[in-house]
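A look at the structure
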Amino acid sequence: MSQNPRPPHVLIFPLPLQGPVNSTLKLAELLCLAHIDVTFLVTDHIHARLLRHSNIQTRFSSYPGFRIQTISDGLPEAHPRGDRFLELFDSLKSKTKPLFKEVLRCGGFSCVIADGILGFTCDVANEVRVPIFYIRTISAACLWVFFCIPKIIEAGEIPFEGDDLDILVKSVPGMERYLRRRDLPSFCRSGDLADPNIQLYKTESEENPRAYGLILNTFEELEGPILAEMRSMCPNIYTIGPLHAHLKAKLAAKATSPTAFSNSLWEEDRSCIAWLDSQPPKSVIYVSFGSLAVTTSNQLMEFWHGLVNSGQRFLWVIRPDSIAAKSWESEVPVELSKATKERGYIVGWTPQEEVLAHPSVGGFLTHSGWNSTLESIYEGVPMICWPYFIDQQVNSRLVEEAWKLGLDMKDTCDRSIIEKMVRSLMDVGKEKFLERADQMAKSAKRCLSNGGSSHNNFERLVEDIKSMSAPVPYE
Ligand code: UDP
């Protein structure tokens, strides 16, 4: 009979989309390394895709305390989910909530870590008397704007009339100097306070301070001033990012062999790594708009012309489901195909962390999703931002204006502007951007080292989780 206390057991429940699943899996592994048992609760839909495309099973086989449990999102198999996010969200709230309650009631969990946009998880956790932490996988900056939506409305700054999007927004403390109407989350442009997105993000963000603590995938050196504002509303914040790099650092410290990470929901095409191997250092601009953005075939052609005309080498992710028109392939002019063969490479999905860490990559044309932004910052890769929706409009403004890590191309999609910006990032302004990106990458690395802010905050999180579980001896 052993007297070892049973380890704490955490239930992690991410928002069922690529970005949040990716970063919460990193958190799950970090907790396993800290000797905490983890049940990772995912929807059947996400689970099936993880089994098909990721290496999650092999990856977690060395952690006996890790298991996956599935839950229904209540939607028919053919539903496009991420593309119609509000329907996914409604279904989670109405259909998944009672199932979640059952999981929590029967699981013997020390605590829950749930995505803070899923406010119903806090109601259930309180009812079942299990402590809850929220995790948000967006930037603190965007979350702070969400927190301030009631203030912005009260100040009459949304809804706004007219089409001058360059007017500064004054009611988000800490961001008065640079936040313009065009940098607000995309749904703020709807001109209607009854817009379901405004209501959703306002209500769910107001809920965040109800949890015991808020875990954020960011770091103090990057978002310190905004975090200071946010702590006035939500005092217990654990900034433990960048999570992907935090995990790598912990694995390296334990001299654990680095299995390639893949939490992908699409099949990775690794041939792009061999292509990158044959390119000169820092010569390639990597182009990817993440897992959800959809472009028109017109926009695709503008990007294509812009990239080709810039004369730079490029690696471009065109996800099979990312173009609105099915017939775009037949529209590609011969000169574009020819130029692409000479200095470009197109794939359906990449191992992105590996791509951004590759010595041949010198720039990133991105949609400013938060995971992509952090991955780029950590590798010291400057960005051109073409935000698609929600948080990305805010992130791209910070990249250009607050952090000086690149250029914000929001609200345009024009071949000559694309060409100009690519040249600026990869040629004319290259040294300046690389130097700045290198400084920020160094501060990201510092915050993960012993005594660094993310390192310390993670230790504090682990201690807090441990203090929540009464040690029960094994039979
Ligand atoms: N990603 C990837 N391969 C690709 C494109 C994206 O592995 O070809 C990953 C990327 O590393 C990031 C995630 O998908 O971790 C996208 O998350 P992000 O928050 O940037 O954007 P979203 O997909 O949520 O819009």
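Residues numbered from 1 in each chain as written. Predicted model: local features only at pLDDT ≥ 70, side-chain atom pairs only at ≥ 80, totals over all residues. Heavy atoms only, no water.

How we decide: UniProt positions are given in the numbering used here, feature names are shortened, and annotations may be inferred rather than shown by experiment.
An unreviewed UniProt entry lists the protein chain under the name Glycosyltransferase, with Sesamum indicum given as the organism. The UniProt entry for the protein chain carries the following comment under Sequence similarities (unreviewed entry): "Belongs to the UDP-glycosyltransferase family."

Thoughts on the sheet that holds strand β11 (residues 361–366)
Formally: By definition, two strands form a pair when at least two bridges between them are found by DSSP. Numbering goes from the N terminus for both helices and strands, where a helix is a DSSP run of H or I of at least four residues and a strand is a run of E of at least two. All axes here are fitted lines through C-alpha atoms, helices being fitted over the stretch that makes contact, and every angle between N-to-C directions spans 0 to 180 degrees. Note on contacts: a residue pair is in contact if any heavy atoms of the two residues lie within 4.5 Å.
Within the open sheet, the six strands sit side by side as β10-β9-β8-β11-β12-β13. Their pairing is parallel. The strands lining the two open edges of the sheet, one partner per strand, are β10 (344–347) and β13 (406–408). Taking the axes of each pair of neighbouring strands and ignoring which way they run, one obtains an average angle of 15° across the sheet. Both strand β9 (residues 313–317) and β10 contribute to a ladder of four bridges, which runs parallel. Of the residues in β10, the one forming a bridge with W316 is I346. Against the sheet, helix α12 (residues 297–310) makes contact with β8 (284–288), β9, β10 and β11, and its axis sits at roughly 160° relative to β9, the strand it touches most. Packing against the sheet, helix α13 (residues 334–343) makes contact with β9 and β10, and its axis sits at approximately 100° to β10.

Looking at the sheet that holds strand β4 (residues 111–115)
Strand order in the open sheet formed by seven strands is β3-β2-β1-β4-β5-β6-β7, with parallel pairing between adjacent strands. Of all the strands in the sheet, just β3 (66–71) and β7 (237–239) have a single pairing partner and so form its edges. Here the average twist between neighbouring strands, direction ignored, is 25°. When strand β1 (residues 9–13) meets strand β2 (residues 37–43), the two strands line up parallel, connected through four bridges. In the strand pairing of β2, I12 is matched with F40. Lying on the sheet, helix α2 (residues 44–53) is in contact with β2 and β3; it crosses β2 at an angle near 105°.

Examining the site of the ligand
Spelled out, the test is: Note on definitions. A residue lies near a molecule or strand when any single heavy atom of the residue is within 4 Å of it. Throughout this description, a polar contact denotes any pair of N or O atoms lying within 3.5 Å of each other; where both atoms belong to protein, one of them has to be capable of donating a hydrogen while the other can accept it, and for residues adjacent in sequence the pair is counted only when both atoms sit in side chains. With residues, only the protein chains shown are counted as cover, and all accessible areas are computed by Shrake-Rupley using a 1.4 Å probe. We call Asp, Glu, Lys and Arg charged. Ala, Val, Leu, Ile, Met, Phe, Trp, Tyr, Cys and Pro are nonpolar, and the rest, Gly among them, are polar.
Surveying the vicinity of the ligand reveals 19 residues, the closest of which are N22, S291, T350, S372 and E375. A distance of 2.4 Å is found between an oxygen atom of the ligand and a side-chain nitrogen or oxygen belonging to S291. Separating an oxygen atom of the ligand from a side-chain N or O atom of E375 is a distance of 2.6 Å. Contact with the protein chains removes 93% of the 540 Å² of surface that the ligand exposes when unbound. Counting residues per element, the shell around the ligand draws most heavily on helix α15 (residues 370–378), at four residues. Considered class by class, the residues forming the shell around the ligand number four nonpolar, 14 polar and one charged.

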